[in-house]
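# Tertiary structure, described
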Amino acid sequence: MQPFTRIEGLVAPLDRPNVDTDAIIPKQFLKSIRRSGFGPNLFDEWRYLDVGQPDADQSARVLNPDFVLNLPRYQGASVLLCRENFGCGSSREHAPWAIADFGIRALIAPSYADIFFSNCCKNGLLPVVLPADVVDELFRAVAATPGYRLTVDLTTSEVRTPEGQVHGFNFNPALRERLLQGLDDIGATLAYAADIRAYEERRRQEAPWLFGR
Amino acid sequence: MSPRTLYDKLWDAHVVRAFADGSALIYIDRHLIHEVTSPQAFEGLRLAGRRPWRTDTIVATSDHNVPTVNRQSIEDPISRVQLETLAANCKALEITHYDLADPRQGIVHVIGPEQGLCLPGMTIVCGDSHTSTNGAFGALAFGIGTSEVEHCFATQTLVLHKARNLCVHIEGELGPGVTAKDIVLYVIGVIGTAGGTGFTIEFAGSAVRALSMEGRMTLCNMAIEAGARAGLVAVDQTTIDYLRGRPHAPQGTLWQAAETAWRDLRSDAGAVFDREVCIAAGDIPPQVTWGTSPEMVVPIDGCVPDPADEADPVRRQGMQRALEYMGLAAGTPMRAVNIDKVFIGSCTNSRIEDLRAAARVLDGRRVASSVRLALVVPGSGLVKQQAEAEGLHEIFIAAGFEWREPGCSMCLGMNPDQLAPGERCASTSNRNFEGRQGPRGRTHLLSPAMAAAAAVAGHFVDLRELA
């Protein structure tokens, strides 16, 4: 996994509550058996005026000029500013894959859906939670300031604004460590293989029907 | 030991190791997989040179992108590759796979319980958010991402943070024509689509105890639509009776031991929940959604709400967007809204009881001529067989419905069953998100009986008034 330490980048605002993972990456692109290449289809139904197909030439698509990520001022954004309950619905990990593939490294929102949050952390995509009033303030600042950039720093658990404001955020220490170092979760868990086997032995006595076939 | 909730008991029984930060390594008893969220996990395993920890806990089915007609040859080459990849991965690792030729094939959350693969007291995962369905059996069941699928393959565990306990009590008797689907839509309307975020929801109370297992599965299925990764219902005689004799349920003396253990799978008297919500069953009318989030729901005799009445600006803007997307005007009575398509199916409502409820409404009636397509997609090959044995398919076909092969179908439209842009659908599925059933399609969620009634009328209708 790509580690996340600190980024300084252009901020794009997505001003809608309850953005679901169907909107982030529509179903037809879930037929892929790969982990990469979803970026061109991030927010496909909002971003394009035609209907996207996984086998079609993406460069021939008709862009929706009104969609925020298509506006010239937000090209190259690496921070996505979002509203409450971002990433709700389907558990598809294709959603964080698409966001990361598009070039976004960090999200800022008042809240996320649980599965989506977990999926982000497995992919080096940092989901920062800030209070709703702070997020509101950031939405206003982004709208008012072309080229608005933020520093998202996981080493200090801070978001820093160009005006010098510092917004601290909470992040689970163990998750933070994994993200900072880009650790392989499976390797870390397999260090406890003996515990897993001991649990199985104990459980087999208590509930033998769970070990039938 | 102090009184514990059902969720506490399930959690405690599966802790392999607790970590200092409050997270824990949790053992997984059952791992269900399907074609869409597993290929990258298998590939990751291969690239790392790892093998699955316990293949006997893994069961695969093909459901998301399978066609529901002409299944012998799958036309879409990309879908075909995904299905073939699942088959090849299962074959290589000797994982049980119910493929399209197997009568046990069907929607992953339907076949697990049907086969007795999902039992009380288990931890059950699948790379699919509606895994919460299995919580109806007093099992801790929740959806995971593909990285977690790979982690579970390799280690038989997941690193999890314990959720908080939320209990939704539904007490009293349901009114006529009111079903589990109406209960859960109503609950989501009350607590909101993020109301259960960070919680496990236990559904309790006399109205829940009175539900069949099918109804309880519908409730738990949509816990995720309230933001909760897992839903739960305590084990009782209904649970035990459903499981006895299922192909993978324990037998003989093992059954006796299991049954004894399962009967303790309920929240203790005096157990403390972090939040409790009380709902009177008699207050719940039949429900239908009007917008693009499951919380945007009203009673069938209600009207499309007016964003002007919403104080919160972010929510108001969301409502305005939803009205625009849905092509509806505030104040329109739901019963005046015409529909183009009807879909009866999905992991929420494709079990035998759902098909019986719809068929009861359709018996001797015809789908309105204005309805372009009415589909019934049974949840599994065995549900389909059962329905045909009862003659339900004849009722559906005589009414003008198409009787299809099992799969997820138009719930998410990964296969050819989709809405065309602008089409409006009465759907028994679980998500009314923008584009969910097809690009620019418009979805209204409701119960199977209500969907059948809408098919007959050509618009939403209070089933209690259907002549």
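From a predicted model like this one, the values you see are computed outputs, not experimental measurements. Within each chain, residues carry numbers counting from 1 in the order of the written sequence. As a convention, the first chain written is A and the first ligand written is 1, with the rest following in written order. Thresholds applied to this predicted model are a pLDDT of at least 70 for local features of residues and 80 or more for the giving and counting of side-chain atom pairs; totals over whole chains, interfaces and linings are not thresholded and use all residues. Remark: hydrogens and water are excluded; side-chain values derive from all non-hydrogen atoms of the structure.

### A short note on the confidence of the model for chain B
Our working rule: Note: pLDDT gives the predictor's confidence per residue, expressed from 0 to 100.
Across chain B, the average pLDDT comes to 97, with 100% of residues at 70 or higher. Reported for the predicted complex are a pTM of 0.97 and an ipTM of 0.96.

### What about the nonpolar core?
For the record, the criterion: In this text, buried Ala, Val, Leu, Ile, Met, Phe, Trp, Tyr and Cys residues form a nonpolar core when linked through side-chain atoms within 4.5 Å. For every residue, the accessible area obtained with a 1.4 Å probe (protein chains only) is divided by the maximum for its type, and the residue is called buried under 20%, exposed over 50%, and partly exposed between those limits. Strands here mean DSSP runs of E at least two residues long; helices mean DSSP runs of H or I at least four residues long; both are numbered from the N terminus. We call two residues in contact whenever any of their non-hydrogen atoms come within 4.5 Å of each other.
Counting 117 residues, the largest nonpolar core has Phe 43, Phe 86, Leu 107 and Ile 108 of chain A together with Phe 396 and Phe 401 of chain B as its most contacted members. Counting residues per element, this core draws most heavily on helix H15 (residues 448–457) of chain B, at eight residues. In this structure Ile 108 of chain A touches Val 79, Leu 80, Leu 81, Cys 82, Val 128, Leu 130, Val 135, Leu 138, Leu 150, Val 152 and Val 159 of chain A, once residues within four positions along its chain are discounted. Ranked by size, the runner-up nonpolar core spans 98 residues in total, among them Phe 199, Val 208, Trp 262 and Val 277 of chain B.

### Details of the layout of surface pockets
Counted only if it meets this: Definitions used throughout: a 1 Å grid over protein atoms alone; a cavity as a set of points that fits a 1.4 Å probe which cannot get out; a pocket as an open set with protein on both sides within 12 Å along at least five of seven lines; a lining residue as one with an atom within 4 Å of a point. Grid points are joined across faces, edges and corners, and a volume is the space filled by probe spheres set on the points. As a working rule, the residues Ala, Val, Leu, Ile, Met, Phe, Trp, Tyr, Cys and Pro are called nonpolar, Asp, Glu, Lys and Arg charged, and the rest polar, with Gly in that last group.
As a volume, the largest pocket reaches approximately 1200 Å³. Together, 41 residues line the largest pocket, and Asp 114, Phe 117, Ser 118 and Leu 175 of chain A together with His 161 of chain B are the ones closest to its centre. Elements represented by at least two residues in the lining of the largest pocket include exactly helix H4 (114–121), strand S4 (126–129), helix H6 (173–181) and helix H7 (185–190) of chain A together with helix H1 (6–12), strand S7 (140–143), strand S8 (157–161) and strand S10 (199–204) of chain B. It is H6 of chain A that provides the largest number of residues to the lining of the largest pocket, a total of five residues. A class-by-class count of the residues in the lining of the largest pocket yields 22 nonpolar, nine polar and 10 charged.

### Description of the sheet that holds strand S5 (residues 96–98) of chain B
Residues and elements named next belong to chain B. Using the following cut-off: Two strands are said to pair when DSSP picks up at least two bridges between them. Interaxial angles span 0 to 180 degrees and are taken between N-to-C directions of axes, which are lines fitted to C-alpha atoms, for helices over the stretch in contact.
Reading across from one edge, S5-S4-S3-S6-S7 is the order of the five strands in this open sheet, with parallel pairing throughout. Two strands close off the open sheet at either side, each with one partner strand: S5 and S7. Within this sheet the neighbouring strands show an average axis-to-axis angle of 20 degrees, counted without direction. One ladder, built from three bridges, connects strand S3 (residues 30–33) with strand S4 (residues 58–61); its direction is parallel. Among the inter-strand pairings, Leu 32 is bridged to a residue of S4, identified as Val 59. The sheet contacts of helix H5 (residues 146–155) involve S3, S4 and strand S6 (123–126), and relative to S3 the element is tilted by about 135 degrees.

### Brief notes about the packing of helix H2 (residues 39–47) of chain B against H5 of chain B
Residue and element names in this part refer to chain B. Stated precisely, the cut-off is as follows: Working definition: roughly parallel below 35 degrees, roughly antiparallel above 145 degrees, roughly perpendicular at 65 to 115 degrees, and oblique for all remaining angles. Less than a right angle of anticlockwise turn of the near helix away from the far helix marks a crossing as left-handed, whereas a clockwise turn marks it as right-handed.
Running from amino to carboxyl end, H2 crosses H5 at an angle of 50 degrees, the nearest separation of the two axes being 8 Å. What the angle tells us is that H2 and H5 run oblique. The two elements H2 and H5 cross, and the hand of that crossing is right-handed. In this structure, H2 contributes Gln 40, Ala 41, Phe 42, Gly 44 and Leu 45 to the contact, and H5 contributes Thr 146, Val 149, Glu 150, Phe 153 and Ala 154. Looking at the contact of H2 with H5 residue by residue, the classes come out as six nonpolar, three polar and one charged.

### Brief notes about the sheet that holds strand S17 (residues 402–403) of chain B
All names here are of chain B. If you walk across this open sheet you meet the five strands as S17-S16-S15-S18-S19, and the pairing is parallel. The open sheet has two free edges, formed respectively by S17 and strand S19 (442–445), since each of these has just one partner strand. Of the pairings in the sheet, the one linking strand S15 (residues 341–344) to strand S18 (residues 424–427) comprises three bridges and is parallel in character. Paired with Lys 341 across the bridge in S18 is Cys 425. Across the face of the sheet, H15 comes into contact with S15 and S18 while running at roughly 155 degrees to S15.

### Re the interface of chain A and chain B
Definition in use: When two parts are put together, the accessible area they lose, computed with a 1.4 Å probe and summed over both, is reported as buried area. When a carboxyl oxygen of Asp or Glu is within 4 Å of a side-chain nitrogen of Lys or Arg, the pair counts as a salt bridge. Two N or O atoms form a polar contact when they lie within 3.5 Å of each other; inside protein one atom must be a possible hydrogen donor and the other a possible acceptor, and for residues adjacent in sequence the pair counts only when both atoms belong to side chains.
In this complex, chain A contributes 61 residues to the contact, which on the side of chain B involves 78 residues. When chain A packs against chain B, the two sides together hide about 5800 Å² of surface, and 57% of this comes from carbon and sulfur. Where chain A packs against chain B, one counts five salt bridges. At the boundary of chain A and chain B, one finds 28 residue pairs in polar contact (both at pLDDT 80 or more). Listed by contribution, the elements that provide at least two residues to the side of chain A that touches chain B are helix H2 (44–47), helix H3 (94–102), H4, H6, H7 and helix H8 (193–206) of chain A. By residue number, the principal contributor to the side of chain A that touches chain B is H8 of chain A, which donates eight residues. In terms of residue class, the side of chain A that touches chain B is made up of 23 nonpolar, 13 polar and 25 charged.

### Some remarks on unusual backbone geometry
Even without glycine at this site, Asn 18 of chain A takes up a positive phi of about 55 degrees. On the secondary structure map, Asn 18 of chain A appears in the loop between strand S1 (6–13) and helix H1 (21–24). Phi at Gln 156 of chain B takes a positive value of approximately 65 degrees, unusual for a residue other than glycine. Examined against the element boundaries, Gln 156 of chain B turns out to sit in the loop between H5 and S8.

### Describing the pairing of S15 of chain B
Residues and elements named next belong to chain B. What counts, and what does not: Clockwise travel from the first strand over the helix to the second, with the strands pointing away from the viewer, marks a crossover as right-handed.
Burial along S15 is two-sided: the face carrying Lys 341 and Phe 343 and the face carrying Val 342 and Ile 344 are both buried. In this structure, S15 lies alongside strand S16 (residues 373–376), joined through four bridges in parallel fashion. For Ile 344, the partnering residue across the bridge sits in S16 and is Val 376. Crossover handedness for the path S15 to helix H12 (residues 352–362) to S16: right-handed.

### What about the side chain of Thr 292 of chain B?
Residue and element names in this part refer to chain B. By secondary structure assignment, the location of Thr 292 is in the loop between strand S13 (287–289) and strand S14 (297–299). Its relative accessible area of 13% is what places Thr 292 among the buried residues. Here Thr 292 is in contact with Ala 322, Tyr 325, Met 326, Asn 432, Phe 433 and Glu 434, once residues within four sequence places are set aside.

### With respect to empty space enclosed by the protein
One pass over the structure, following the stated rule, counts three cavities of 30 Å³ or more. Here the largest cavity defines a volume of roughly 200 Å³. What lines the largest cavity is a set of 21 residues, among which His 64, Asp 128, His 130, Leu 412 and Arg 436 of chain B lie closest to the centre. Roughly 110 Å³ of volume is contained in the second largest cavity. Lining the second largest cavity are 16 residues, and of these Cys 88, Gly 89 and Ala 113 of chain A together with Ile 224 and Gly 227 of chain B sit closest to its centre. Its residues placed into classes, the lining of the second largest cavity shows seven nonpolar, seven polar and two charged.

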